[in-house]
Amino acid sequence: MTVLEPDGAVAVTADAPDLADPALYRDGEPEALWARLRARSPVYRNERTGKESFWAVLGHREALDVLRRPEVFASGRGMRLDDSPGATQAASGRMLIVTDPPRHAGLRHVMNAAFTPRTVARLRHAMRATATEIVEEALERGRCDFVDVAARLPVAVICDLLGVPPADRAFMLDRTMTAFGHAGPGSADRAAAARAHTDILLYYAELAELRRREPADDVITALVRGTVDGRPLTDEEIYLNCDGLVSGGNETTRHATVGGLLALMRHPGQWETVSRADHPMETTAQEILRFTSPAMHVLRTATEDTELAGRRVRAGDRVAVWLPAANRDPAVFTDPDRFDALRTPNRHVALAPGEHYCLGSALALAELTVFFEELTRRVRLPEPAGEPVRAASNLIRGFESLPVLLRAR
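Bear in mind the structure is a predicted one, so any value in this text is a computation, not a measurement.

S.K.: Could you give an account of the nonpolar core, naming the residues involved and the relevant values?
M.R.: Among the nonpolar cores identified, the biggest contains 77 residues, and F146, L162, Y204, L261, F371, F372 and L375 are the most heavily contacted of them. Dropping the residues within four chain positions of it, F371 is found in contact with A131, I134, V135, F146, V149, L153 and T257. Core analysis: the second largest hydrophobic core is formed by 24 residues, V72, M95, V321 and L323 among them.

Next up, the structure:
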């Protein structure tokens, strides 16, 4: 059984396994576990053997409390459990997601400068054409792994955002699929993934040099021209933030797309609902984000002694917000384990609201909306062609495979 100690600690037993164990998300039923633990305490201390323990936040209100208090719950010591301390130290204060106020605001301002109305309009227009092409090619194959299909639109959008010329898109798709092809750290050829990651960074180093000579309406240009605290960004800061955009922009939308299709396949009536010409697909896209919550956790470090849901959190304690658990909190969401394509209001936290709210949130929502509009317009209810395979990861609630059979309407 699970034993709650006075400070909220929970012993790691068969009833309460380590929430940071990647195997739990490949083989287990985390939704039921989150619900059971949240009912006992929305915040508790997850003890670990041989690794740093942490406070796990499972409630919606408590998640917002952490995410909206960056002065108390800082990001500079890392944004994910089990990350390399050396890598975190190298990126801290240089990469947006591991930078705290006040520098965070300056760096975010530089990157936001790339999201001009003209750029967003161009990206949205290109999205529709790309989504149509992706769906039509998948229909020609019929039987396919939907993980591969879902990867293409996010890569195209990120390339467009960063300013990758069309002639280099195939290269970037190949390198990105190899570098970020699976969520689980042990699920792919890690040496090949590391080489692909290096290729991506070297490519953006060359592109940054080009944009210094030939500016364009893209993120690379914004970074090479931007200043924070009165000085230009270093090459390292430019490359780190390109890397953050590539990984964040690909992982979240790709796995949300796969998980969204799986949810619709398991609810055939919902597929018919979203296939209607007048259906508000953006509402469904928001529900896909809530229901799939592909970003599993975000990590913070307490900067001072504080309280969280009545628990004593000490300065230096690690606090992990489990976004999918907060997104199934029955205090906020009616029948939270049900996928509801028309759910509204939908106050999900899938994109981590607060100081570090997802920079590309509007684009992620647009990608999901456009992709499912084109998919449901052209495809009958997809049929399973094999069992879905979840990834072993405590960071991304994702898939290694989802074989499906697609047939035209």
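S.K.: Tell me what's going on with the packing of aromatic side chains, and back it up with residues and numbers.
M.R.: Evaluated as defined, the whole model comprises 8 aromatic pairs. Ring geometry for F171 and Y203: centres 5.9 Å apart, planes at 40°, overall tilted. Of the two residues, F171 is situated in helix 8 (residues 169-180) and Y203 in helix 9 (residues 190-213); the sequence distance between them amounts to 32 residues. Overall, Y203 belongs to the buried group, its relative accessible area being 12%. An aromatic cluster is present here, built from Y25, W34, F54 and W322 joined pairwise through their rings. One residue, R290, lies across the ring of F333, its end atom 5.3 Å from the ring centre. When the ring centre of F291 is taken as origin, the NZ or CZ atom of R328, which lies over that ring, is 4.3 Å away.

S.K.: Which residues make up the packing of helix 13 (residues 281-292) against helix 15 (residues 361-378), and what values go with them?
M.R.: Relative orientation of the contacting elements helix 13 and helix 15 amounts to 115°, with a least axis distance of 9 Å. By the angle class used here, helix 13 and helix 15 are roughly perpendicular. As helix 13 runs across helix 15, the sense of the crossing is right-handed. The segment helix 13 lies against helix 15, with M281, E282, A285, Q286, I288 and L289 engaging L365, L368, T369, F372, E373 and T376.

S.K.: An account of the environment of P294 is requested, with residue identities and associated values reported.
M.R.: Within the element layout of this structure, P294 appears in the loop between helix 13 and strand 8 (297-302). A residue is classified by how much of its surface remains accessible, and P294, at 1% relative accessible area, is buried. Spatially, the C-alpha atom of P294 lies 7.7 Å from that of P324, the residues being 30 residues apart in sequence. With sequence-adjacent residues up to four places away left out, P294 is seen in contact with T252, H255, A256, L289, L395, I396 and R397.

S.K.: Talk me through the environment of D199; I want residue IDs and the actual numbers.
M.R.: Summarising the element assignment, D199 is placed in helix 9. Exposure remark for D199: the relative accessible area of 28% places this residue in the partly exposed category. Along the backbone, D199 and F171 are 28 residues apart, and their C-alpha atoms lie at a distance of 9.8 Å. A distance of 2.9 Å separates the side chain of D199 from the side chain of R175, its partner in a polar contact.

S.K.: Describe in detail the layout of surface pockets, supporting the description with residues and values.
M.R.: Approximately 420 Å³ is the volume found for the second largest pocket. What lines the second largest pocket is a set of 19 residues, among which E31, L262, R266, R390 and R397 lie closest to the centre. Every element with two or more residues in the lining of the second largest pocket is listed here: helix 2 (30-40), helix 11 (235-265), helix 13 and strand 13 (389-390). Of the residues assigned to the lining of the second largest pocket, the class counts are 8 nonpolar, 3 polar and 8 charged.

S.K.: An account of helix 7 (residues 146-162) is needed here, citing residue identities and associated values.
M.R.: If you check helix 7, its first and last C-alpha atoms are 25 Å apart, about what 17 residues at 1.5 Å a residue would give, namely 24 Å. Among the 17 residues that make up helix 7, 15 are buried, leaving the element largely enclosed by the rest of the structure. At the N-terminal boundary of helix 7, the capping side chain belongs to D145, with an oxygen 3.1 Å from the backbone nitrogen of V147. At the exit of helix 7 stands G163, carrying a positive phi of roughly 95°.

S.K.: How would you sum up helix 11? Please name residues and give values.
M.R.: Its 31 residues give helix 11 an end-to-end C-alpha distance of 45 Å, which sits within 8% of 45 Å, the value for a rise of 1.5 Å per residue. Most of helix 11 sits inside the fold, with 25 of its 31 residues counted as buried.

S.K.: Quick rundown of the pattern of salt bridges? Include the residues and the values.
M.R.: Counting across every chain of the model gives 34 salt bridges. Linking E62 and R61 is a salt bridge whose minimum nitrogen-to-oxygen distance equals 3.7 Å. Note that R152 is salt-bridged to E137, the shortest N-O span being 2.6 Å. Taken as a pair, R152 in helix 7 and E137 in helix 6 (residues 117-141) lie far apart in primary sequence, 15 residues in all. Several salt bridges share partner residues, and in doing so they unite R128, E136, E373, E374, R377 and R378 into one network.

S.K.: So, the pairing of strand 3 (residues 54-57): which residues are in play, and what are the values?
M.R.: Of the two faces of strand 3, the one lined by F54 and A56 and the one lined by W55 and V57 are each fully buried. Summarising the sheet, strand 2 (residues 43-46) and strand 3 pair through 4 bridges and their orientation is antiparallel. Bridging from a neighbouring strand, R45 pairs with W55 of strand 3. Taken together, the 3 bridges between strand 3 and strand 11 (residues 318-322) define a ladder with parallel strand orientation.

Rules and cut-offs
- Residues numbered from 1 in each chain as written.
- Predicted model: local features only at pLDDT ≥ 70, side-chain atom pairs only at ≥ 80, totals over all residues.
- Heavy atoms only, no water.
- Core = buried A, V, L, I, M, F, W, Y, C linked by side-chain atoms within 4.5 Å.
- Buried < 20%, exposed > 50% of the residue type's maximum accessible area, 1.4 Å probe, protein only.
- Contact = heavy atoms within 4.5 Å.
- Phe/Tyr/Trp six-rings, centres within 6.5 Å; stacked < 30°, edge-to-face > 60°.
- Helix = DSSP H or I, 4+ residues; strand = E, 2+ residues; numbered from the N terminus.
- Lys NZ or Arg CZ within 6 Å of the ring centre and 35° of its normal.
- Axes fitted to C-alpha atoms, helices over the stretch in contact; angles between N-to-C directions.
- Parallel < 35°, antiparallel > 145°, perpendicular 65-115°, else oblique.
- Left-handed = near helix turned anticlockwise from the far one by under 90°.
- Polar contact = N/O pair within 3.5 Å; in protein donor to acceptor, adjacent residues only side chain to side chain.
- 1 Å grid on protein atoms, 1.4 Å probe; cavity = no way out; pocket = protein on both sides within 12 Å on 5 of 7 lines; lining within 4 Å.
- Points joined across faces, edges and corners; volume = space filled by probe spheres on them.
- Nonpolar A, V, L, I, M, F, W, Y, C, P; charged D, E, K, R; others polar.
- Expected span 1.5 Å × (residues − 1).
- Salt bridge = Lys/Arg side-chain N within 4 Å of Asp/Glu carboxyl O.
- Pairing = 2+ DSSP bridges.

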